[in-house]
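What the coordinates show
This is what each chain is made of:
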Amino acid sequence: MVTSFNVPRLVIAAPSSGSGKTTVATGLMAAFSERGLAVSPHKAGPDYIDPGYHALATGRPGRNLDAFMCGPDLVAPLFAHGAAGCDLAVVEGVMGLYDGAAGRGELASTAQVAKLLRAPVVLVVDASSQSRSVAALVHGFASFDPQVRLGGVILNKVGSDRHEVMLREALEEAGMPVLGVLRRAPQVATPSRHLGLVPVAERHTDALASVSALAAQVRAGCDLDALMALARTAPPLDCEAWSPHADPSAAMARESGGAAPGNGAAPVIAVAGGAAFTFSYAEHTELLTAAGAEVVTFDPLRDEALPPGTAGLVIGGGFPEMYAPELSANEPLRAAVAAFAAAGGPVAAECAGLLYLGRSLDGKPMCGVLDADARMSERLTLGYREAVAVSDSPLARAGTRLRGHEFHRTVIEPGAGAAPAWGFTHPERRVEGFVQQGVHASYLHTHWAAEPSVARRFTEAAAARR
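Just so it is clear, the model here is predicted, and its values are computed rather than measured.

With that settled, consider the UniProt feature "active site" (unreviewed entry) in the protein. UniProt records the feature "active site" (unreviewed entry) at Cys-351, using the numbering of this structure. Residue placement: Cys-351 occurs in the loop between strand S15 (347-350) and helix H13 (352-357). The buried category is assigned to Cys-351, whose relative accessible area is 4%.

Following this line, the structure appears as structure tokens:
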């Protein structure tokens, strides 16, 4: 059923990466939350790390809107699911405003997300090395696609009062409102790794201080009333909110008292968390729960045993290479994971999880579930992938097609087992990952909202072990 959904909303974009989108978006989320508003945080693209800071700023789960992995048709429904009941939604863009999936035009760009959400865009401009030229830059972005509504500019890294005057005069000539001016403020900088920030779970206390400082900076430098007024100009969206309960098979499982084909209590699915495994989409837990599972989080850095009654194991992404010695030192848990997998227990592992299941990581013993060894590399592997499941597994039936994302600076040898997990069809053709007994392990990050049968199938495999 299509319904009319309306919530004030803004998309925070920039001409390029490094302009200050995360600073502004997170600061706005925190500043509006401090006003007592319920703020829904969103991130365009596949990034896992920024949503962690968004969650700190708002007290709500940070959610991703990825038009490549989930498809354009799911962007508005996923947004409506996350923003239901909120006073304001703030969407942080990805890369430059018009940058998307390589060779796919606007697909997965911030501009496409803004159009799908019918949301006004605020452009964050790094003004540190320009004055009047800022007007030409902003004019170009405003006129490039008439369907993208650029509602104003926030100037970042402004050097002085005189610099600010010159920038404002130039943008006034161009007819573009200045909604904020932020001075250079290294005290609110957050540490980065690879192409993003260090995850919140690795620096929680410092991250809280950073978010508080960002809120103060944005509150002092931005016109919050004007930004809220702009957000309210977004028209209603005609869409049905996404729901993890929409899968008919999941609904049947709930009505029968648990995930078929088991009976009795819901199967316990243990999900790795803590500082080493921070990459997870909120919808995955929601889908598992809707399919009839009891989701329990555990920390491989601290917990020496799997949660009681574990019937399925999900080990997502993160930065295990930063914690290889600590993960290796937790021998009781490594043994428990190996025993669970050897007994045929269903295991879904992505990226960091893949490395954890291997024999070793940078020479440190890991779980030994897979006959493969991993190490850090100088090369960053990054990009969207189109994939098809090569082998039947508890996660996916052979032939299942999904789109995903790779992001790692490690290599594992061999890169695929006798029964590979995925065959990539774009941008290059190759197989990768491992399927053995109940294990599905791969570098590929996927978003299960695009294919809810993945969560249902995995929960059913866990239920069968009760």
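A word on the environment of Ala-170. With respect to the helices and strands, the residue Ala-170 is situated in helix H6 (residues 161-174). Under the relative-accessibility criterion, Ala-170 is labelled buried at 3%. Between the C-alpha atom of Ala-170 and that of Arg-429, which follows or precedes it by 259 residues, the distance is 49 Å. The residues touching Ala-170, leaving out its near neighbours within four places in the chain, are Ser-131, Arg-132, Val-134 and Ala-135.

Further remarks concern unusual backbone geometry. Looking along the chain, the bond that leaves Glu-413 and enters Pro-414 is cis, with omega of -5 degrees. Among the structural elements, Pro-414 can be located in the loop between strand S19 (401-413) and strand S20 (422-426). Looking along the chain, the bond that leaves His-426 and enters Pro-427 is cis, with omega of 5 degrees. Considering the arrangement of structural elements, one finds Pro-427 in the loop between S20 and strand S21 (430-432). The phi dihedral of Met-95 falls on the positive side, at around 50 degrees, and the residue is not glycine. Structurally, Met-95 can be placed in the loop between strand S5 (88-92) and helix H4 (110-117).

Here we take up the nonpolar core. The nonpolar side chains of soluble globular proteins are, as a tendency, buried together. In terms of nonpolar packing, the biggest core is built from 112 residues, with Phe-79, Leu-117, Leu-155 and Leu-227 touching the most fellow members. If one sorts the elements of this core by residue count, helix H1 (residues 21-34) sits on top with 7 residues. When residues no more than four places from it in sequence are discounted, the contact partners of Leu-117 are Arg-9, Leu-65, Val-75, Ala-76, Phe-79, Val-91 and Leu-237.

For the structure on display, the rule yields 8 aromatic pairs. Their ring planes at 5 degrees and their centres at 4.8 Å tell us that Tyr-48 and Phe-279 sit as a pair that is stacked. Separated by 231 residues along the polypeptide, Tyr-48 in the loop between strand S3 (39-44) and helix H2 (49-58) and Phe-279 in the loop between strand S12 (268-272) and helix H10 (282-290) bring together distant segments of the chain. Taking the relative accessible area as the measure of exposure, Phe-279 reaches 8% and is therefore buried. Measuring from centroid to centroid gives 5.9 Å for Tyr-98 and Phe-141, while their planes differ by 25 degrees, and the two rings are stacked. You can see Tyr-98 sitting in the loop between S5 and H4 and its partner Phe-141 sitting in helix H5 (residues 133-144), a full 43 residues away along the chain. A relative accessible area of 19% means that Tyr-98 is categorised as buried. Each member of the aromatic cluster is reached from another via a ring pair, and the members are Tyr-48, Phe-279, Tyr-281 and Phe-319.

If you walk across this open sheet you meet the 6 strands as S13-S12-S14-S15-S23-S22, and the pairing is mixed. The sheet is open, and its two borders are formed by strand S13 (294-298) and strand S22 (434-436), each paired with just one other strand. With strand direction ignored, the average angle separating the axes of adjacent strands in the sheet is 15 degrees. Taken together, the 3 bridges between S22 and strand S23 (residues 439-442) define a ladder with antiparallel strand orientation. Looking across to S23, one finds that Phe-434 is bridged to Ala-441. Across the face of the sheet, helix H12 (residues 331-342) comes into contact with S13, strand S14 (310-315), S15 and S23 while running at roughly 110 degrees to S14.

We now examine H1. With 14 residues, H1 should reach 20 Å at 1.5 Å per residue; the first-to-last C-alpha distance of 20 Å fits that figure. Residue Gly-36 follows H1 closely and has a positive phi angle near 90 degrees.

With that settled, consider the pattern of salt bridges. Any two side chains of opposite charge can pair, so long as their charged atoms come close to each other. A complete count under the given rule lists 23 salt bridges for this structure. Across the pair Arg-219 and Glu-34 runs a salt bridge, and its minimum N-O distance is 2.4 Å. Here the residue Arg-219 occupies a position in helix H7 (residues 204-221), and Glu-34 occupies one in helix H1, the gap between them amounting to 185 residues. Overall, Arg-219 belongs to the partly exposed group, its relative accessible area being 42%. The salt bridge partner of Glu-386 is Arg-104, with a shortest N-O separation of 2.6 Å. Taken as a pair, Glu-386 in strand S18 (residues 373-389) and Arg-104 in the loop between S5 and H4 lie far apart in primary sequence, 282 residues in all. One salt-bridge network, in which partners are shared between bridges, spans Asp-161, Glu-164, Arg-168 and Arg-183.

The subject of this paragraph is the sheet that holds S3. Spatial strand order, S4-S3-S5-S2-S6-S7-S8: 7 strands in an open sheet with parallel pairing. Here the strands that pair on one side only, and so sit at the sheet edges, are strand S4 (63-65) and strand S8 (178-183). Across the sheet, the axes of successive neighbouring strands diverge by a mean angle of 25 degrees, strand direction being ignored. As judged from the 3 bridges shared by strand S2 (residues 9-13) and strand S6 (residues 121-126), these two strands associate in the parallel manner. Counterpart to Ile-12 in the pairing with S6 is Val-122.

Criteria and cut-off values
- Residues numbered from 1 in each chain as written.
- Predicted model: local features only at pLDDT ≥ 70, side-chain atom pairs only at ≥ 80, totals over all residues.
- Heavy atoms only, no water.
- UniProt positions renumbered as here; feature names shortened; annotations may be inferred.
- Helix = DSSP H or I, 4+ residues; strand = E, 2+ residues; numbered from the N terminus.
- Buried < 20%, exposed > 50% of the residue type's maximum accessible area, 1.4 Å probe, protein only.
- Contact = heavy atoms within 4.5 Å.
- Core = buried A, V, L, I, M, F, W, Y, C linked by side-chain atoms within 4.5 Å.
- Phe/Tyr/Trp six-rings, centres within 6.5 Å; stacked < 30°, edge-to-face > 60°.
- Pairing = 2+ DSSP bridges.
- Axes fitted to C-alpha atoms, helices over the stretch in contact; angles between N-to-C directions.
- Expected span 1.5 Å × (residues − 1).
- Salt bridge = Lys/Arg side-chain N within 4 Å of Asp/Glu carboxyl O.

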